[in-house]
Structure formats: structure tokens, C-alpha cells
Amino acid sequence: GQQVMQIPQYQHVQEGEDFTTYCNSSTTLSNIQWYKQRPGGHPVFLIQLVKSGEVKKQKRLTFQFGEAKKNSSLHITATQTTDVGTYFCAGLRTSGTYKYIFGTGTRLKVLA
Amino acid sequence: DTGVSQDPRHKITKRGQNVTFRCDPISEHNRLYWYRQTLGQGPEFLTYFQNEAQLEKSRLLSDRFSAERPKGSFSTLEIQRTEQGDSAMYLCASSLATGRGPLFYNEQFFGPGTRLTVL
């Protein structure tokens, strides 16, 4: 079945350092979403990417969808303590379903 | 609060008992999803509804699990004969899916979840 893997599983950074998480799907995706889940909280939608090679920015966050639409990345510039949480990608297959497959997540800790 | 709500927030039950969870989506959202999340893992798809129709159900879901969304509004998820392996956070999400193809947009709004503990 379809799998969505994320690396790294954990990342500890000093406040002010950059952070990147990578998402890889075993199959081509129709679109990909990114969510953030704070400790003890529920996933909160960040963004959706649809087009091959698409790049979107939200303040210090940069999201990219691969040319083959099988991978994606989230990059945070100059992390802050408010960035702490787990970041999940969620991929939608290209055909016949609206079932999202969530990645394994990257847990980010920011040290002040 | 006009977000997604779930009830109860916590449920402790004994193995073999039946449990039922409720999800109230954001009004006018046409899609409703159920996910299960265990510690350190991403949400795992269980099922989803388009209005009142259940369109897809995970093959991982045994016959002990059933979900309904009567009248396309709130939804219930029932687990019969609970097992210890059912212990998890059960998340509900709703969305207003719009567009097709490259214009398809489906931001999911998650509820706070129901934490189930099976003793």
C-alpha cells in the first residue's frame, strides 16, 4: 500500500537555527498538505501544494513540492520556540480516492 | 466556538465493552474524516463521508468498527467488543472540499479528539 515517510524523526535545534523536514511518498501524489501538531494538541492545517515543483512561503516557512510529485519539504528559517511541535505531511493519491495518508512526522524541539 | 467538537474527550472502558464517540463538524462542511492516532505516529485514516455517504473505509478497520453520519451533519464512531489495541486518540476532521483537479482544495479542520483507554 501507499506509504509516506518523513525524515528526520526528531530534530533538536538552537533557537535561530534553520530546520528542514522531508516527506517521501512511494506513489505519485495529487496534492500534499502540511500540518503542525503542538504537544497535547490536534493537527492544524498549514498549507496545501498541488502543482509539480510548486514553492509556497508563509513568513519563515517555505514549502516545496517535488517535480515528480512524490516528495515535499518544509523549511523553517531562524526557528523560534513557538515552532515547537510535530510536523506532518499528508498525501493524496492521484486516483479514485480522497483518503489522505499522513507521514510519520518530524518532532521539532527548539532550545532557547 | 465554531470549530469541530468531539465528545467525550476521554473514555476509559474495560475490554469487551462497546464505546461510541461523537463528532460535530463545522456546519456546512461536506466532508468528515475519522482518524486514529497513537503516540509518536501520524493520524491513521479510518473512514470518510461526503455528506451522509460513507465513501471509503480503511481495510485496516475490522468489522468491530462502524461509523455513521445521518443527515450529513454529526457523525458517530462505534467500536464493539473493545480490545487493548484499540487504545488511541480518535480524531475527527471536517472540510469543505471545493474545486477539481489542480483547483481542488480540502483544508481539514481537526477536533480535539477522544482519547480511548481500554483496560
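This report concerns the structure included in the present document. (Residues numbered from 1 in each chain as written. Chains lettered and ligands numbered in written order. Predicted model: local features only at pLDDT ≥ 70, side-chain atom pairs only at ≥ 80, totals over all residues. Heavy atoms only, no water.)

Side note on the overall build of chain B
Of the regular secondary structure elements, chain B holds zero helices and eleven strands. Listing each helix as α and each strand as β along chain B from the N terminus yields β-β-β-β-β-β-β-β-β-β-β. For chain B, the C-alpha radius of gyration of 14 Å lies close to 14 Å, the compact-globule estimate for 119 residues. In terms of overall dimensions, chain B has C-alpha extents of about 45 × 35 × 30 Å along its principal axes. A burial count over chain B gives 47% of its 119 residues as buried. Carbon and sulfur atoms make up 48% of the accessible area of chain B, which totals about 6400 Å². (Helix = DSSP H or I, 4+ residues; strand = E, 2+ residues; numbered from the N terminus. Rg over C-alpha atoms; globule rule 2.2 N^0.38 Å. Buried < 20%, exposed > 50% of the residue type's maximum accessible area, 1.4 Å probe, protein only. Areas by Shrake-Rupley, 256 points an atom, 1.4 Å probe, with all protein chains shown as cover.)

Quick word on the environment of A:Thr97
Mapped onto the elements, A:Thr97 comes out in the loop between strand 9 (85-93) and strand 10 (100-102). Sequence-distant contacts of A:Thr97, defined by excluding residues within four places in its chain, comprise A:Leu92 and B:Glu56. (Contact = heavy atoms within 4.5 Å.)

Observations regarding the state of the cysteines
Residues and elements named next belong to chain A. The full count for this structure, using the stated rule, is two disulfides over all chains. One disulfide bridge connects Cys23 with Cys89, the sulfur atoms lying 2.0 Å from each other. Residues Cys23 and Cys89 are joined through a disulfide that is right-handed, its torsion about the S-S bond being 75°. Of the two residues, Cys23 sits in strand 3 (residues 19-25) while Cys89 sits in strand 9, which places them 66 residues apart along the sequence. For the pair Cys23 and Cys89, one class covers both residues: buried. (Disulfide = S-S within 2.5 Å.)

A look at the side chain of A:Lys69
Residues and elements named next belong to chain A. Position of Lys69 among the secondary structure elements: in the loop between strand 7 (61-65) and strand 8 (71-76). The buried charged residue Lys69 lacks any salt bridge, with Glu54 as its nearest oppositely charged partner at 7.7 Å. Beyond its immediate chain neighbours, meaning those up to four positions away, Lys69 contacts Thr27, Thr28, Leu29, Ser30, Val50 and Ser52. (Lys, Arg positive; Asp, Glu negative; His and termini not counted. Salt bridge = Lys/Arg side-chain N within 4 Å of Asp/Glu carboxyl O.)

A few points about the interface of chain A and chain B
Between chain A and chain B, the contact holds 18 residues from the first and 22 residues from the second. The contact between chain A and chain B buries some 1700 Å² in all, and 55% of this surface belongs to carbon and sulfur atoms. At the boundary of chain A with chain B, the tally comes to zero salt bridges. The interface formed by chain A and chain B contains seven residue pairs in polar contact (both at pLDDT 80 or more). With four residues, strand 4 (residues 29-37) of chain A is the largest single contributor of residues to the side of chain A that touches chain B. Across the side of chain A that touches chain B, the residue classes tally to nine nonpolar, eight polar and one charged. (Buried area = accessible area lost by both parts, 1.4 Å probe. Polar contact = N/O pair within 3.5 Å; in protein donor to acceptor, adjacent residues only side chain to side chain. Nonpolar A, V, L, I, M, F, W, Y, C, P; charged D, E, K, R; others polar.)

Remarks on the pattern of salt bridges
Residue and element names in this part refer to chain B. Here the structure, examined in full by the defined rule, presents six salt bridges over all chains. One salt bridge in this structure joins Arg36 and Glu44, with 3.4 Å as the shortest N-O distance. Take Arg36: its relative accessible area is 15%, and that puts it in the buried class. Overall, Glu44 belongs to the partly exposed group, its relative accessible area being 26%. Linking Glu83 and Arg64 is a salt bridge whose minimum nitrogen-to-oxygen distance equals 3.5 Å. Taken together, the residues span a long stretch of sequence, with Glu83 in the loop between strand 8 (75-79) and strand 9 (88-95) and Arg64 in the loop between strand 6 (53-57) and strand 7 (65-68) at a distance of 19 residues. Through salt bridges with shared partners, a single network forms among Arg64, Glu83 and Asp86.

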